[in-house]
Amino acid sequence: MRVLIVGNMGYVGPAVSAQLRRTWPQSILHGFDNAYFAHCLTGVARLPERALDIQFFGDVRDFSDGLLAGYDAVVQLAAISNDPMGDRFQDVTLDINQNATVALARAASAAGVKHFVFASSCSIYGVAEGGPRRERDTLNPVTTYAKSKIGAEKALEQIDSAMTVTCLRFATACGMSDRLRLDLVLNDFVASAMVTGKISILSDGTPWRPLIDTLDMARAVDWAVSRSPDNGGRYLVVNVGSNERNYQVRQIAEAVAQALPGTALNINTDSAVDSRSYHLEGSKNPLALSCSV
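Residues numbered from 1 in each chain as written. Predicted model: local features only at pLDDT ≥ 70, side-chain atom pairs only at ≥ 80, totals over all residues. Heavy atoms only, no water.

A.B. asks: Could you clarify how one ought to interpret the overall build of the protein in this entry?
C.D. replies: Counting secondary structure elements, the protein contains seven helices and twelve strands. Counting only C-alpha atoms, the protein reaches 55 × 45 × 35 Å along its principal axes. Across the 293 residues in the protein, those meeting the buried criterion constitute 53%. Intrachain contacts of the protein at a sequence separation of at least 6 include 83% that bridge at least 24 residues. Looking at the protein as shown, the accessible area adds up to about 13,200 Å², and 51% of this sits on carbon and sulfur atoms. Taking the average location of the 27 positive side-chain charges in the protein and that of its 30 negative ones, the two points are 2 Å from each other. (Helix = DSSP H or I, 4+ residues; strand = E, 2+ residues; numbered from the N terminus. Buried < 20%, exposed > 50% of the residue type's maximum accessible area, 1.4 Å probe, protein only. Contact = heavy atoms within 4.5 Å. Areas by Shrake-Rupley, 256 points an atom, 1.4 Å probe, with all protein chains shown as cover. Lys, Arg positive; Asp, Glu negative; His and termini not counted. Charge placed at Lys NZ, Arg CZ, Asp CG, Glu CD.)

A.B. asks: Please clarify how unusual backbone geometry should be interpreted in this entry.
C.D. replies: Peptide bonds are mostly trans, and most non-glycine residues show a negative phi. A positive phi angle, near 65°, is found at A35, a position not held by glycine. Relative accessible area serves as the criterion here: at 22%, A35 is assigned to the partly exposed category.

A.B. asks: Explain the sheet that holds strand β11 (residues 246–248) to me, please; I cannot follow it from the model alone.
C.D. replies: Each strand in a sheet pairs with its neighbour through backbone hydrogen bonds, running either in the same direction (parallel) or in the opposite one (antiparallel). Taking strand neighbours across the sheet as the criterion, the three strands line up as β7-β9-β11 in an open arrangement whose pairing is mixed. Bordering the open sheet on either side are β7 (172–174) and β11, each of which pairs with just one other strand. The average angle at which neighbouring strand axes cross in this sheet is 50°, direction not considered. Strands in contact with helix α6 (residues 214–224) are β7 and β9 (208–213); relative to β9, the strand with the most contacts, it is inclined by about 70°. Against the sheet, helix α7 (residues 249–259) contacts β9 and β11, and its axis sits at roughly 85° relative to β11. (Pairing = 2+ DSSP bridges. Axes fitted to C-alpha atoms, helices over the stretch in contact; angles between N-to-C directions.)

A.B. asks: When you look at helix α5 (residues 185–196) in this model, what are you seeing that I'm missing?
C.D. replies: At 3.6 residues per turn, the α-helix brings residues three or four places apart onto the same side. Compared with an ideal rise of 1.5 Å per residue, which puts twelve residues at 16 Å, α5 spans 16 Å between its outermost C-alpha atoms and is within 8% of the ideal. Within α5 the residues assigned to the buried category are V185, L186, N187, F189, A191 and A193. Among the structural elements, β7, β8 (198–201), β9 and α7 are those in contact with the buried residues of α5. With its phi angle positive at about 80°, G197 sits one or two positions after the end of α5. (Expected span 1.5 Å × (residues − 1).)

A.B. asks: Before we go on, may I ask you to explain the sheet that holds strand β2 (residues 28–33) in this structure?
C.D. replies: Pairing within the open sheet is parallel, and its seven strands lie in the order β3-β2-β1-β4-β5-β6-β10. The outermost strands of the open sheet, each flanked by one partner alone, are β3 (54–57) and β10 (235–240). Taken pair by pair, the neighbouring strands of this sheet meet at an average axis angle of 20°, ignoring direction. With four bridges connecting them, strand β1 (residues 2–6) and strand β4 (residues 73–76) associate as parallel partners. Bridge pairing links L4 to V74 in β4. Along the sheet face, helix α4 (residues 144–157) touches β5 (115–121), β6 (164–170) and β10 and points at about 155° away from the line of β5. In the packing of α6 onto the sheet, contacts are made with β4, β5, β6 and β10, and the angle to β6 comes to roughly 165°.

Nothing here speaks to function; it is all geometry.
Written as structure tokens, this is what we have:
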């Protein structure tokens, strides 16, 4: 099997590359990335790209269609994935997360690629009262990032071809990586506790977040790159998370403080409530996930 991982040099990419190499040891794995975060290594002695056969460099908005010839699967991880950045640079976020994704998928279809895997997000549920969100529930995004993911999903569904498309609506990522992100809720709390000895929550801590470890995200991608269209249809949107992994923000902070004794916890109960709050319903999730707080 020949697989191209686009955006492989970010937070999740190293785990995806390693997982695919373990599952498909004789496969040909290539990466494509602009390498903005290539130097952001988390103390590893060897580059995570060692799992790949070739690493290509470039901007996903200027992708050469000729690079797609001969691949069985394309995994699209490339995105502006930080909400403050997305809201400040809205046009760029939409161009990369939505427009470039759709252009890449159309080119992949034209090149005869059999599987297209898109890293979507459960943040598209946004403000979601009334119980866990299922795949067909109403979407209520509050950020440019979330809107770009919805736009990409809708456009991918309209591609008329035999290519199997899987949109993985990931829960909030957490856990270790060869290229670690510390702006994600659990990782942020752990880093703050370790460095400063305290955790400060800028909201009242009541919003809900589903969590998923990077290793489980990689396992989901592994499943999707060879998913049969008989299993879910040619186009499939699936929540990738677990019913048991929904936590309130203050619960996450309290768990970190308990794991790191001596951590001071400050919750700003007088602040405005963060409107982004959603439970994830993961009954369709194809994996038994391991992430827990």
